[in-house]
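In case you want the letters, here they are:
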Amino acid sequence: MTWFFHLQSAVRADTVQTLMDVILRSDMDMNSSFSEKEINVLYLRLKNLPGVKVNHDALQRSLGEKSHTLTNVFSLVQDMDMEQSDVPEEERVFQFEEV
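Let me begin by describing the structure that accompanies this report. Here the structure is a predicted model, which is why all the values come from computation and not from measurement. (Residues numbered from 1 in each chain as written. Predicted model: local features only at pLDDT ≥ 70, side-chain atom pairs only at ≥ 80, totals over all residues. Heavy atoms only, no water.)

## Let's talk about the overall build of the protein
Along the protein, the regular secondary structure elements total four helices and two strands. Beginning at the N terminus, the succession of helices and strands in the protein can be written as α-α-β-α-α-β. Relative to the globule expectation of 13 Å for 99 residues, the C-alpha radius of gyration of the protein, 14 Å, shows essentially globular dimensions. Dimensions along the principal axes, computed over C-alpha positions, put the protein at roughly 45 × 25 × 20 Å. Within the protein, buried positions represent 32% of all 99 residues. For the protein, the accessible area works out to roughly 6500 Å², and carbon and sulfur atoms hold 54% of it. Positive and negative side-chain charges of the protein, numbering 9 and 17 respectively, have mean locations separated by a distance of 5 Å. (Helix = DSSP H or I, 4+ residues; strand = E, 2+ residues; numbered from the N terminus. Rg over C-alpha atoms; globule rule 2.2 N^0.38 Å. Buried < 20%, exposed > 50% of the residue type's maximum accessible area, 1.4 Å probe, protein only. Areas by Shrake-Rupley, 256 points an atom, 1.4 Å probe, with all protein chains shown as cover. Lys, Arg positive; Asp, Glu negative; His and termini not counted. Charge placed at Lys NZ, Arg CZ, Asp CG, Glu CD.)

## As for the packing of helix α1 (residues 3-26) against helix α2 (residues 36-47)
It is the contact of α1 with α2, at a shortest axis distance of 9 Å, that shows an interaxial angle of 150 degrees. With respect to α2, the element α1 is oriented roughly antiparallel. Note that α1 runs across α2; the crossing there is right-handed. Residues Leu-19, Val-22, Ile-23, Arg-25 and Ser-26 of α1 lie in contact with α2, whose contacting residues are Glu-38, Val-41, Leu-42, Arg-45 and Leu-46. For the contact of α1 with α2, the class distribution of residues is six nonpolar, one polar and three charged. (Axes fitted to C-alpha atoms, helices over the stretch in contact; angles between N-to-C directions. Parallel < 35°, antiparallel > 145°, perpendicular 65-115°, else oblique. Left-handed = near helix turned anticlockwise from the far one by under 90°. Contact = heavy atoms within 4.5 Å. Nonpolar A, V, L, I, M, F, W, Y, C, P; charged D, E, K, R; others polar.)

## A short note on α2
A rise of 1.5 Å per residue sets the reference length of α2, with its 12 residues, at 16 Å; its end C-alpha atoms lie 17 Å apart and thus fit the reference within 8%. Three or more residues of α2 are buried, namely Glu-38, Ile-39, Leu-42, Tyr-43 and Leu-46. When α2 is viewed along its axis, its buried side chains cluster within an angular range of 145 degrees and face the same direction. Structural note: α2 exposes Lys-37, Leu-44 and Lys-47 on the side pointing more than 90 degrees away from its buried face. (Expected span 1.5 Å × (residues − 1). Arc of directions from axis to C-beta.)

## What to know about the packing of aromatic side chains
Going through the model one piece at a time under the given rule, you end up with one aromatic pair. Measuring from ring centre to ring centre gives 6.2 Å for Trp-3 and Phe-4, while their planes differ by 90 degrees; the resulting arrangement is edge-to-face. (Phe/Tyr/Trp six-rings, centres within 6.5 Å; stacked < 30°, edge-to-face > 60°.)

## As for unusual backbone geometry
Of note, Met-30 is a non-glycine position whose phi angle comes to about 55 degrees, a positive value. Mapping Met-30 onto the fold places it in the loop between α1 and α2. Even without glycine at this site, Ser-32 takes up a positive phi of about 65 degrees. Structurally, Ser-32 can be placed in the loop between α1 and α2. A residue is classified by how much of its surface remains accessible, and Ser-32, at 40% relative accessible area, is partly exposed.

Encoded structure:
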């Protein structure tokens, strides 16, 4: 493996960590569930998150279909890895932005 692969892996890991932090901080009352106000805060924070492309339509659909829990939102992050996901790219909520 090349140094570029290791660097890319480190950047992706940092991006996922930042994404998880944004999600956690958006649960302002820390009850592991998102109110409508917290979901709006999450949308705003995700909009400006570097390194991540957010499909807001898919996020809205996903949150509309499931309960608004931390676990459900975190499960959407798992689909970021193209090689390990069976979710089609156009339906993924979060994707890495290529630089």
